[in-house]
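# Descriptive analysis of the structure
Chain by chain, the residues:
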Amino acid sequence: MSHQQFKTEVNDLLQLITHSLYSHSEIFLRELVSNSSDALDKLKYLTLTDENLKNLEFDPRIDIELDEANHKVFTVRDNGIGMNKEDLVSSLGTIARSGTKNFLKNLSEEAKKDSNLIGQFGVGFYSVFMIADKAEVISKKAGEEQAWKWTSDGKTGFDIEEAERDTHGTTIILHLNDNGKEYDNRWQVEQITKKYSNHIAFPIYLHYEKTEYGKEGEEPTKTPTVEQINSASALWRKSKNDLKPEDYNEFYKTISNDYQDPMHHIHTRAEGQLEYNTLFYFPKNAPMDMFQADYRPGVKLYVKRVFITDDDKELLPTYLRWVRGIIDSEDLPLNVSRELLQKNKILSNIKTASTKKILAEIQKLQSNESKYKEFINEYNRPLKEGLYSDYANKDVLLEIVRFKSTAVEGWTSFKEYKERMPEGQKSIYYITGDNETLLRKSPLLEAYRSKNIEVLIMDNEIDEVVIPMIGKYEDIDLKAVNKSGSTDELKTDEDKKTEKELEPLLKKIKDVLGDNVKDVVASSRLTDSPSCVVADENDPTAQMAQMMKAMGQPIPDVVPVLEINPNHEIIKKLTDSSDKELLEDISFLLLDQALLVEGTPLKDPSAFSIRLNKILKMAL
């Protein structure tokens, strides 16, 4: 026997599960049945495609055995693919997905009380420790001779030793604690199974002792009984007319490991050149790993109800990786390999049609304002990825993504912006950055605010990448107000005259600042502030430059263009001054304070402080 420690912070997580989720402890049975169903799916596929397993005797089933007399043991057994020693270590030796440690560290006590961690972190099998003091897993992998036994109390670690098992598959024996004894009865098991697992595609049998009462005075007799307690039919192949909302919701929980009802579902049957069924769900909350490179795909692929894979990231576009559900094709060969899947024209056509169906359904959601707001709060960011990765659906995506604005509260669309544009306005204006509060207070907005021109607030880093690539919405140019040429169409003849008059001062300031700026120009966008910084039309913004550096891309330091307000009192007094030292100090202060307002760190904070104190002293 070998003893091994858990790989992650098992005590903290199990304590959190036990104390936060006790009201949902029935979920343990859903998790065990789902695991057994996956094991049966995998073996069913292999018996059709693997020459070594084609002759394997296989009658897929899941069995649940009760100990109603003593309430000490609860057993779930399947004859699926099974696990060997290495599988047991990798599958049961790691308690949760990456990110759990940081989550536990940051989770407040109040949040712990309300957390539905099962589903959010895929703790799955470990939910058994809510109702059991000890779990034994006896498993034998199909095609192998040796069985193995994994044992753990869910606290200190686990033991693995050789064991005996007649057939391939897995048996899970739970030694119930006081909290678990309530589930060791026929009625509870039937109700929980029908609630969560009625549509598992394999029969689930319940083993119990049926009590029969004879004549008065006679002792009741107990007869060992086995009954199937689920419908064992693929829900996605049923007619929509035969299904209720609760059927869809409970099936979603079965395939997604989510405790909440989904936000929305889409059920489709396609007939014609291609025949396939799809059932897609929008989770109420975005998956926790949505922005991780190793995210887990949410769509399972079946062929003629035979499970093929749940680990293919090509079934839907990457920007729809948050969608959960089923694709079941009638046309793909059962022995299709992973390599062939990625190049298969049939699957490519299903992917294209499914993507269009999902996007069309999102468009329909827009008619329900509150529901769409809920949707956008969760999935606006990944949908924007589609704007540069899915050119074929760009027009649809442009209608469904949302942005913040200086003109309205909450979210708005390009279409709504266009409808609000005053006559004569030629462009849609936007400002990018990483802090909404700073962007709304930016001096760059002063001229637009004074002219009642709406500016879209884009405070997500992806906007820096996506929006410049779009270029236009319908026939209207998109212009970033933090680019130097964005105010050209707003300039008046008076602005141009003022620029000409200010040229001598602009040259002096440019000479003082040297390589710290790309240029110094008179601003037509400022009304209250003395200065601001913008990026040259051909340069990336400061935020884009930071993103590129963070991704390891070599990029020279971006030098800003300094714009100064000709009508500001500071600039007017500086124009009349002949004090070279004062000109130098004010020039650097104009640049530094403009950088600070935009959230850009100063190269030399000490020099800024010295100059500021010198000017403050002069003002006293």
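Up top is the structure these notes are about.
In this text, all values refer to a predicted model and were calculated from it rather than measured experimentally.

The element strand β10 (residues 264–270) is largely enclosed, with a buried count of 5 among its 7 residues. Bridging between β10 and strand β11 (residues 276–282) involves 7 bridges; their strand directions are antiparallel. Within β11, the residue paired with isoleucine 266 across the bridge is phenylalanine 280. In this structure, the hairpin formed by β10 and β11 is closed by a connection of 5 residues, where glycine 272 is found at a positive phi of approximately 135°.

Three or four residues apart is the spacing at which side chains of an α-helix point the same way, because the helix has 3.6 residues per turn. With 21 residues, helix α17 (residues 493–513) extends 28 Å from end C-alpha to end C-alpha; this agrees with the ideal 30 Å at 1.5 Å per step. If you look at α17, its biggest bend is around 55°, right at leucine 502, and the proline proline 504 turns up within four residues after that. Restricting attention to buried positions, one finds in α17 the residues Thr498, Leu502, Leu505, Leu506, Ile509 and Leu513. Those residues of α17 hidden inside the fold are in contact with β20 (519–522), β22 (561–564), α19 (569–576) and α20 (580–597). Where α17 terminates, the next one or two residues include glycine 514, which has phi positive at roughly 55°.

Position of glutamine 273 relative to the elements: it lies in the loop between β10 and β11. When the C-alpha positions of glutamine 273 and isoleucine 346 are compared, they lie 9.9 Å apart, and in sequence the two are 73 residues distant.

Two orientations exist for strands paired in a sheet by backbone hydrogen bonds: parallel and antiparallel. Taking strand neighbours across the sheet as the criterion, the 3 strands line up as β20-β22-β21 in an open arrangement whose pairing is mixed. Looking at strand neighbours, the two that pair on one side only are β20 and β21 (531–534), the edges of this open sheet. Across the sheet, the mean angle from the axis of one strand to that of its neighbour is 25°, orientation sign disregarded. Of the pairings in the sheet, the one linking β21 to β22 comprises 4 bridges and is antiparallel in character. When the sheet's bridge partners are listed, valine 533 is paired in β22 with leucine 562. Across the sheet, α20 touches β21 and β22, and the angle it forms with β21 is around 65°.

Time to look at empty space enclosed by the protein. This model, assessed by the stated rule, comprises 3 cavities of 30 Å³ or more. Approximately 90 Å³ is the volume found for the largest cavity. What lines the largest cavity is a set of 13 residues, and nearest its centre among them are Pro297, Gly298, Lys313, Leu316 and Arg321. Across the lining of the largest cavity, the residue classes tally to 8 nonpolar, 2 polar and 3 charged.

Attention shifts here to the packing of aromatic side chains. Under the counting rule described, the total for this entry stands at 18 aromatic pairs. With a centroid separation of 6.4 Å and 90° between ring planes, the pair formed by phenylalanine 125 and phenylalanine 129 is classed as edge-to-face. Phenylalanine 125 sits in the buried class, given a relative accessible area of 6%. Since its relative accessible area comes to 8%, phenylalanine 129 is described here as buried. Members of the aromatic cluster, joined through ring pairs, are Phe125, Tyr126, Phe129, Trp150 and Phe158. In this arrangement the basic side chain of arginine 321 is found over the ring face of tyrosine 295, its NZ or CZ atom lying 5.8 Å from the centre. Against the face of phenylalanine 588 rests arginine 611, its NZ or CZ located 4.1 Å from the ring centre.

Moving on to unusual backbone geometry. Of note, the phi angle at alanine 232 is positive, near 55°, even though the residue is not glycine. With respect to the helices and strands, the residue alanine 232 is situated in the loop between β9 (221–228) and α8 (245–256). Classification of alanine 232 as buried rests on a relative accessible area of 19%. For asparagine 452, which is not glycine, the phi torsion reads 55° and is therefore positive. As for its position among the elements, asparagine 452 is in the loop between α15 (446–450) and β17 (455–458).

Formed by 71 residues in total, the largest nonpolar core has its most connected members in Phe282, Trp322, Ile362, Phe375, Leu383 and Phe414. Residue contacts for phenylalanine 282: discarding those within four places in its chain leaves Pro262, Met263, His264, Ile266, Trp322, Val323, Ile358, Ile362, Leu365, Phe375 and Tyr379. Within the second largest apolar cluster, 48 residues are counted, among which are Phe58, Leu92, Val128 and Phe129.

Strand order across the open sheet formed by 5 strands is β10-β11-β14-β12-β13, with mixed pairing between neighbours. The open sheet has two free edges, formed respectively by β10 and β13 (306–309), since each of these has just one partner strand. Sheet twist, expressed as the mean angle between neighbouring strand axes with direction ignored, is 20°. Pairing between β11 and strand β14 (residues 324–329): 6 bridges, direction antiparallel. Its bridge partner lying in β14, tyrosine 276 is registered against serine 329.

On to the environment of serine 450, then. Relative to the assigned elements, serine 450 resides in helix α15. As a C-alpha pair, serine 450 and threonine 527 span 77 residues in sequence and 7.9 Å in three-dimensional space. Only 2.7 Å separates the side chain of serine 450 from the backbone oxygen of alanine 447, close enough to count as a polar contact.

Mapped onto the elements, asparagine 249 comes out in helix α8. Filtering out sequence-adjacent residues up to four positions away, asparagine 249 remains in contact with Asp261 and Pro262.

Helices that pack against each other are described as a pair by the angle of their axes relative to one another and the distance between those axes. Contact pair helix α2 (residues 27–49) / helix α7 (residues 186–197): the axes reach a minimum separation of 9 Å and the direction vectors enclose 60°. By the angle between their directions, the pair α2 and α7 is classed as oblique. As α2 runs across α7, the sense of the crossing is right-handed. Contacts from Leu29, Arg30 and Val33 of α2 reach α7 at Val189, Ile192, Thr193, Tyr196 and Ser197. Of the residues that constitute the contact of α2 with α7, the class distribution is 5 nonpolar, 2 polar and 1 charged.

Scanning the entire structure with this criterion turns up 38 salt bridges. Between lysine 54 and glutamate 51 there is a salt bridge, with its nearest N and O atoms 3.1 Å apart. With a relative accessible area of 37%, lysine 54 lands in the partly exposed category. Aspartate 463 is the salt-bridge partner of lysine 384, the closest N and O atoms lying 2.8 Å from each other. Taken together, the positions of lysine 384 in helix α11 (residues 369–389) and aspartate 463 in helix α16 (residues 461–470) put the pair 79 residues apart, joining distant regions of the chain. Residue classification places lysine 384 among the buried positions, given a relative accessible area of 6%. On the basis of relative accessible area, aspartate 463 is assigned to the buried category, the value being 1%.

What counts, and at which threshold
Residues numbered from 1 in each chain as written. Predicted model: local features only at pLDDT ≥ 70, side-chain atom pairs only at ≥ 80, totals over all residues. Heavy atoms only, no water. Buried < 20%, exposed > 50% of the residue type's maximum accessible area, 1.4 Å probe, protein only. Helix = DSSP H or I, 4+ residues; strand = E, 2+ residues; numbered from the N terminus. Pairing = 2+ DSSP bridges. Expected span 1.5 Å × (residues − 1). Bend = angle between axes of the 7 residues up to and from the residue. Contact = heavy atoms within 4.5 Å. Axes fitted to C-alpha atoms, helices over the stretch in contact; angles between N-to-C directions. 1 Å grid on protein atoms, 1.4 Å probe; cavity = no way out; pocket = protein on both sides within 12 Å on 5 of 7 lines; lining within 4 Å. Points joined across faces, edges and corners; volume = space filled by probe spheres on them. Nonpolar A, V, L, I, M, F, W, Y, C, P; charged D, E, K, R; others polar. Phe/Tyr/Trp six-rings, centres within 6.5 Å; stacked < 30°, edge-to-face > 60°. Lys NZ or Arg CZ within 6 Å of the ring centre and 35° of its normal. Core = buried A, V, L, I, M, F, W, Y, C linked by side-chain atoms within 4.5 Å. Polar contact = N/O pair within 3.5 Å; in protein donor to acceptor, adjacent residues only side chain to side chain. Parallel < 35°, antiparallel > 145°, perpendicular 65-115°, else oblique. Left-handed = near helix turned anticlockwise from the far one by under 90°. Salt bridge = Lys/Arg side-chain N within 4 Å of Asp/Glu carboxyl O.

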